[in-house]
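Spelled out from the first residue to the last, the chains are:
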Amino acid sequence: MWIKLRRTFRSGAKNFIRNGWLSIATVSVMVITLFVVNIQLAIIGANDLRLKDVQNRVNISIEIRPETTLPELNDFQRELEGYEQVSSVELVDKEQALAEFKSFTQSGSTIQSGIETLGENFLYDTLVLKTQDPSQYEEVVKKIEGSASAKYVEEINYHKYRSIIDGLSSELRTTRKFSLTLAITLSLVAILVTFNSIRITMYSHKQEIEIMKLVGASNNYVRFPFIWEGIFYGLASALIAIPLSFLYLKFITNGEASSSVFAFSNTKFLKDFMAVYFMDNILVIVSLQFILAVMLGVVSSLIAMSKYLKKF
Amino acid sequence: MIRFENISKVYPGSSPALENINLQIKAGEFVSVVGHSGAGKSTLLKLLYTEERPTTGVVSFDSANLLDLKKRELPILRRLIGTVFQDYKLLQKKTLAENVSFALEVAGKSDMEISETVPKILDIVGLGGKADHYPLEVSGGEQQRVALARALVNKPKVLIADEPTGNLDPISTWEIMQLLLKINEFGTTVLLATHDKGIVDRIARRVVVMEDGRIISDKQKGKYEL
């Protein structure tokens, strides 16, 4: 058994090297397959991060009537914190809000001088509220509006943002579906191309298989060098495709991050994805890639040669 | 040792390739099967190394009915039968030495035995100096000698040679024939299919003549006569 494995391994390795161009062609096709799949997966990953990010940004700002006293305000805040759906409530008082507002606008601009002439703070104290899950906002807003504390509320601005947020989330979900279908389709195409090119390689082995059987090789003895060859195709292509995808992603995320609406050009999240997800899971990704590539190689080889083995 | 009994072989949609063949070959014989192309020589030999199965009849080898062998037993049978062909059937991607050692590897021989046997057998066929060449780098005659070495290396009981000299010049042809005779002298049964009148007449051994799938004559010390 061992001697068989060793011998077939050796002959598979020799085949791989001596096949030269055919091996290079097969490996290149597999590299492209893996590369395309990798990039698509990265885009999906980045897109998911972006969706999470948008969801995190969503909050409810509750502007408080100016006549509300500080103890009342604190009670209201505690009441909100008591809601089971609410994950955090933060008080932004109007001085702080004004300072933030000023820092957003340019000094010396009309808005700034407007604020100066106004002389007083026109902003409200605000409670900024987040829920466990974005889908719970609606519920929470209704609860506040129905409660006794509603008298403190000047305005809840959730309604203003809602349509924008909903629009963005649904767009991101569509992008996700789009990327996923594209990834699956491209992978299928690439798998078929790989399978076909291995089939062509096997065709070149047709006479060899016939001769091996003639000399008295068992079916398994004939099969194993080709299985090894398939493994080598897989290993070689994963070995090239992983650094290639990595370098490519690094290259396009290099420099200033852009946060375009389109997933493809949104490098900010791709960058985050690379930095966080990719690096954390690099071992899993790399080994999965190897396993997938090897399986692709082996299965294609086995299917491709089965018809030459059946003959006798 | 080898018996063909009432053999016929019919390919669907064509006239029979073999019809009512009865032939017995004793151990140690040298039998030439002659006839025109398409007379059924190759088909007859294929039955023996089980690349083809007869439509009716029995092929037995060492009193074992080949038709009863299971699929996984066929490789073992093929190691007992050496084969040589007109087109040599060497593995182009392996060197001459590797081509020979492959037959030993397949039979599960140890590495030590392989490294001892291969140079010896290459020396016997006169190719000791070309062990590391690839088949395409040597002449047709030399390729055929490698094929012979490969066929012999497992010490087969029978050597089947199907038009082994069909692609060779007269000198190479004669060299191969002398090797075949030598192999036969050492006790291996040789079955030679050929349409080369010259060599059949010259070796003066048993000749079986075939025509249209039938045996029309079978003579000890025969000549090529159609």
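Only a predicted model underlies this, so the values are computations on that prediction, with no experimental measurement involved.

### A word on the overall build of chain A
Alright, step 1. Scanning chain A from terminus to terminus reveals 11 helices and 4 strands.
Alright, step 2. Across the 312 residues of chain A, 31% fall into the buried class.
Alright, step 3. Restricting to contacts in chain A with at least 6 residues of sequence separation, those with at least 24 account for 84%.

### A look at the overall build of chain B
Alright, step 1. Along the backbone of chain B there are 7 helices and 10 strands.
Alright, step 2. When each of the 226 residues of chain B is scored for burial, the buried share is 44%.

### Things to note about the confidence of the model for chain B
Alright, step 1. Per-residue pLDDT for chain B has a mean of 90; in total, 100% of the residues score no lower than 70.
Alright, step 2. If you check the scores for this complex, the pTM reads 0.65 and the ipTM reads 0.79.

### Description of the nonpolar core
Alright, step 1. In this structure, Val33(B), Leu48(B), Val100(B), Leu122(B), Ala149(B), Ile160(B) and Leu191(B) are the most contacted members of the largest nonpolar core, which totals 96 residues.
Alright, step 2. Broken down by element, the residue count for this core peaks at 12 residues, all from helix H9 (residues 219-253) of chain A.
Alright, step 3. Non-local contacts of Val100(B), meaning those with residues more than four positions away in its chain, are made with Val118(B), Ile121(B), Leu122(B), Val146(B), Ala149(B), Arg150(B) and Val153(B).
Alright, step 4. Counting 13 residues, the second largest nonpolar core, distinct from the first, contains Leu80(A), Val89(A), Leu127(A) and Tyr137(A).

### Side note on unusual backbone geometry
All names here are of chain B.
Alright, step 1. Even without glycine at this site, Asn20 takes up a positive phi of about 50 degrees.
Alright, step 2. Mapped onto the elements, Asn20 comes out in strand S2 (residues 18-25).
Alright, step 3. You can call Asn20 partly exposed: it has 13 C-beta atoms within 10 Å.
Alright, step 4. Of note in this structure, Thr50 is not a glycine but carries a positive phi near 55 degrees.
Alright, step 5. Here Thr50 lies in the loop between helix H1 (41-48) and strand S4 (56-61).
Alright, step 6. The exposure class of Thr50 is partly exposed, given the 19 C-beta atoms found within 10 Å.

### Some thoughts on the environment of Val298(A)
Residue and element names in this part refer to chain A.
Alright, step 1. Here Val298 shows up in helix H11 (residues 282-310).
Alright, step 2. The exposure class assigned to Val298 is partly exposed, which follows from the 19 C-beta atoms found within 10 Å.
Alright, step 3. Note: C-alpha distance between Val298 and Phe195 (103 residues apart in sequence) is 9.9 Å.
Alright, step 4. What Val298 contacts, discounting residues up to four positions off in sequence, is Ile227, Gly230 and Ile231.

### Some points on the sheet that holds strand S5 (residues 64-65) of chain B
Residues and elements named next belong to chain B.
Alright, step 1. One open sheet accounts for 4 strands, arranged S2-S1-S4-S5; its pairing is antiparallel. Bordering the open sheet on either side are S2 and S5, each of which pairs with just one other strand.
Alright, step 2. The sheet contact formed by S4 and S5 spans 2 bridges and is antiparallel. Following the sheet pairing, Ser60 is matched in S5 by Asn65.

### A look at the packing of helix H3 (residues 96-106) of chain B against helix H4 (residues 111-124) of chain B
Residue and element names in this part refer to chain B.
Alright, step 1. Where H3 meets H4, the closest approach of the two axes is 10 Å, and the angle between their N-to-C directions is 130 degrees. It follows from the interaxial angle that H3 and H4 lie oblique. At the point where H3 passes H4, the crossing takes the right-handed sense. Here Leu96, Ala97, Val100, Ser101, Leu104 and Glu105 of H3 lie close against H4, whose contacting residues are Ile114, Thr117, Val118, Ile121 and Leu122.

### Here's the deal with the environment of Val209(B)
Residues and elements named next belong to chain B.
Alright, step 1. By the secondary structure assignment, Val209 is in strand S9 (residues 206-211).
Alright, step 2. The class of Val209 is buried, set by 22 C-beta atoms lying within 10 Å.
Alright, step 3. For the pair Val209 and Ser32, spaced 177 residues apart in sequence, the C-alpha to C-alpha distance is 8.3 Å.

### Some words on the sheet that holds strand S2 (residues 86-92) of chain A
Each strand in a sheet pairs with its neighbour through backbone hydrogen bonds, running either in the same direction (parallel) or in the opposite one (antiparallel).
Residue and element names in this part refer to chain A.
Alright, step 1. Spatially, 4 strands are ordered S2-S3-S1-S4 in an open sheet, and the strand pairing comes out antiparallel. If you trace the sheet from one side to the other, it starts and ends with S2 and strand S4 (153-156), each paired once. Taking each pair of neighbouring strands and ignoring which way they run, the sheet shows an average axis angle of 20 degrees.
Alright, step 2. Sheet topology places strand S1 (residues 60-64) next to strand S3 (residues 126-131); 4 bridges connect them, and they run antiparallel. Its bridge partner being in S3, Glu63 is matched across the sheet by Thr126.
Alright, step 3. Its contacts with the sheet put helix H3 (residues 70-81) on S1, S2 and S3, and the angle it makes with S2 is roughly 160 degrees.

### Section: the interface of chain A and chain B
Alright, step 1. Contacts between the two partners involve 13 residues from chain A and, on the opposite side, 17 residues from chain B.
Alright, step 2. Elements that contribute at least two residues to the side of chain A that touches chain B include exactly helix H1 (2-18) and helix H8 (206-214) of chain A.
Alright, step 3. If one sorts the elements of the side of chain A that touches chain B by residue count, H1(A) sits on top with 4 residues.
Alright, step 4. Residues of the side of chain A that touches chain B, tallied by class, amount to 7 nonpolar, 3 polar and 3 charged.

### Comments concerning the pairing of strand S10 (residues 214-219) of chain B
All names here are of chain B.
Alright, step 1. Sheet topology note: the S9/S10 ladder contains 5 bridges and is antiparallel. Residue Val208 lies in a different strand from S10, and its bridge partner there is Asp218.
Alright, step 2. Counting the residues in the hairpin turn of S9 and S10 gives 2 residues, including Asp212, whose phi is positive at 45 degrees.

### Some points on the environment of Ser11(A)
Alright, step 1. You can see Ser11(A) is positioned in helix H1.
Alright, step 2. Between the alpha carbons of Ser11(A) and Trp228(A) there is a distance of 8.6 Å; along the sequence they are 217 residues apart.

### Considering the packing of H3(B) against helix H5 (residues 140-152) of chain B
Two quantities define a packed helix pair, namely the angle between the helix axes and the distance between the axes.
All names here are of chain B.
Alright, step 1. The geometry of H3 relative to H5 is characterised by a closest axis approach of 8 Å and an angle of 25 degrees between their N-to-C directions. Between H3 and H5, the crossing angle belongs to the class labelled roughly parallel. Seen along the crossing, H3 lies across H5 with a hand that is right-handed. Where H3 approaches H5, its residues Leu96, Asn99, Val100 and Ala103 are matched on the opposing element by Val146, Ala149 and Arg150.

Rules used in this analysis
Residues numbered from 1 in each chain as written. Chains lettered and ligands numbered in written order. Predicted model: local features only at pLDDT ≥ 70, side-chain atom pairs only at ≥ 80, totals over all residues. Helix = DSSP H or I, 4+ residues; strand = E, 2+ residues; numbered from the N terminus. Buried ≥ 20, exposed ≤ 12 C-beta atoms within 10 Å, placed from the backbone. Contact = placed C-beta atoms within 7 Å. pLDDT = per-residue confidence, 0-100. Core = buried A, V, L, I, M, F, W, Y, C linked by C-beta atoms within 7 Å. Pairing = 2+ DSSP bridges. Axes fitted to C-alpha atoms, helices over the stretch in contact; angles between N-to-C directions. Parallel < 35°, antiparallel > 145°, perpendicular 65-115°, else oblique. Left-handed = near helix turned anticlockwise from the far one by under 90°. Nonpolar A, V, L, I, M, F, W, Y, C, P; charged D, E, K, R; others polar.

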